[in-house]
Amino acid sequence: AETPLAAPDAAAATAPATTRSSTTTASTGPASRPRVTAKEMKVWSELAGKLGFEYSILEGFWASWSDDDLKDLVSSARSANVGIFVWVDSKKLIHDPEARRVLYKRCVDAGVAGLKVDFFDHEHKETIDLYQAMLKEAAENKLLLDFHGADKPTGTQRTWPNELALSMLLTM
C-alpha cells in the first residue's frame, strides 16, 4: 500500500475538499474611485458567512490598512465563521525572505487564515523554489496558501497540506 508523505508538524489544518470564498476587486479602476475600507469588507464577510462560504479574500487594497483595521476585520469575519485571505504579489517576495517573514508575521498577528499569492509568470527554477519556500514558511506560520496565476498542479498538497489551491487560466 502506498504511504502518503507526512505533513510538517507546523502545517496548518487542511481545508475541506470543496472550499468557497468571496472576493471583491472594487479597489481596481480609476484612481478617483474610493478604496475599499475594512468597514465595507465586514459587510462582505458577513454576507459570505450567510452564504456558507469559508473564506473572504481581500485584494491588494488591504495592504494600506492599519494592523488594527485588519485585526478588527478578521475578528468580525470570524464571528460569521469566515476566514480571511489576503492577496499579495509574488514578485515582491521572490528574492526577499525577510519580506516574506514580515508579511507572515503581520498576517499571523492579525489572525489571517491565508494568502492568495499572484503573478507566477513562468516555471523557471526560481519560481519553483519560491513555491517550496513559501509553502514551508507558511506551514511554519500555520497559514494557508492559494497560488493564483500558478503552474499546473504537481501534487505538492501531499507534502504541504497548507496549499489550499492552485488557480490558473486555460488560454490558447
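Before any of the text, the structure's been laid out above.
What this report covers is the structure whose coordinates are included nearby. Residue numbers run consecutively from 1 along every chain, following the written order of its sequence. Since the coordinates come from a predicted model, pLDDT governs what is reported: local features require at least 70, and pairs of side-chain atoms require 80 or more to be given and counted, while whole-chain, interface and lining totals use all residues. Calculated side-chain values reflect all of the structure's heavy atoms, with hydrogen atoms and water omitted.

1. What to know about the packing of aromatic side chains
- Ring geometry is summarised as follows: Phe, Tyr and Trp rings, the Trp one being its six-membered ring, pair when their centres sit within 6.5 Å, and such pairs are stacked at plane angles under 30 degrees, edge-to-face over 60 and tilted between the two. Scanning the model with the defined rule gives three aromatic pairs in all.
- Seen in terms of ring centroids, Tyr-55 and Phe-85 are 4.9 Å apart; in terms of plane orientation they differ by 80°. Their pairing is edge-to-face. Taken as a pair, Tyr-55 in strand β2 (residues 55-58) and Phe-85 in strand β3 (residues 83-89) lie far apart in primary sequence, 30 residues in all. Residues Tyr-55 and Phe-85 agree in their burial class; the two are buried.
- With a centroid separation of 5.7 Å and an interplanar angle of 45°, the aromatic rings of Phe-61 and Trp-65 are classed as tilted.
- According to the relative accessible area criterion, Trp-65 is buried, its value standing at 10%. The helix and strand labels rest on DSSP assignments: H or I over at least four residues marks a helix, E over at least two residues marks a strand, and numbering proceeds from the N terminus. The classification of residues rests on relative accessible area computed with a 1.4 Å probe and restricted to protein chains. Under 20% of the type maximum is buried, over 50% is exposed, and intermediate values are partly exposed.

2. Concerning the side chain of Asp-89
- For Asp-89, the position within the fold is in strand β3.
- Here a polar contact means two N or O atoms within 3.5 Å. Within protein one must be a hydrogen donor candidate and the other an acceptor candidate, and residues neighboring in sequence count only if both atoms are side-chain atoms. At 2.9 Å, the side chain of Asp-89 and the backbone nitrogen of Lys-91 are in polar contact.
- It only takes one pair of heavy atoms within 4.5 Å for two residues to be counted as in contact. When neighbours within four sequence positions are excluded, Asp-89 is seen to be in contact with Asp-118 and Phe-119.

3. Details of the environment of Met-134
- Along the chain, the position of Met-134 falls in helix α4 (residues 125-140).
- Each C-alpha atom, one on Met-134 and one on Leu-93, is 9.0 Å from the other, the two residues being 41 residues apart in sequence.
- Not counting the four nearest positions on each side in its chain, Met-134 is found in contact with Leu-93, Arg-100, Tyr-104, Val-117, Leu-145 and Phe-147.

4. Focus: the pattern of salt bridges
- The working definition used for a salt bridge is a side-chain nitrogen of Lys or Arg within 4 Å of a carboxyl oxygen of Asp or Glu. Applying the stated criterion across every chain, the model contains nine salt bridges.
- The partner of Glu-137 in a salt bridge is Arg-100, and the shortest N-O contact between them spans 2.7 Å. In this pair, Glu-137 is assigned in helix α4 and Arg-100 in helix α3 (residues 97-110), connecting sequence segments 37 residues apart. Across the pair, exposure class does not vary: Glu-137 and Arg-100 are buried alike.

By themselves, these observations are geometric and do not establish any function.
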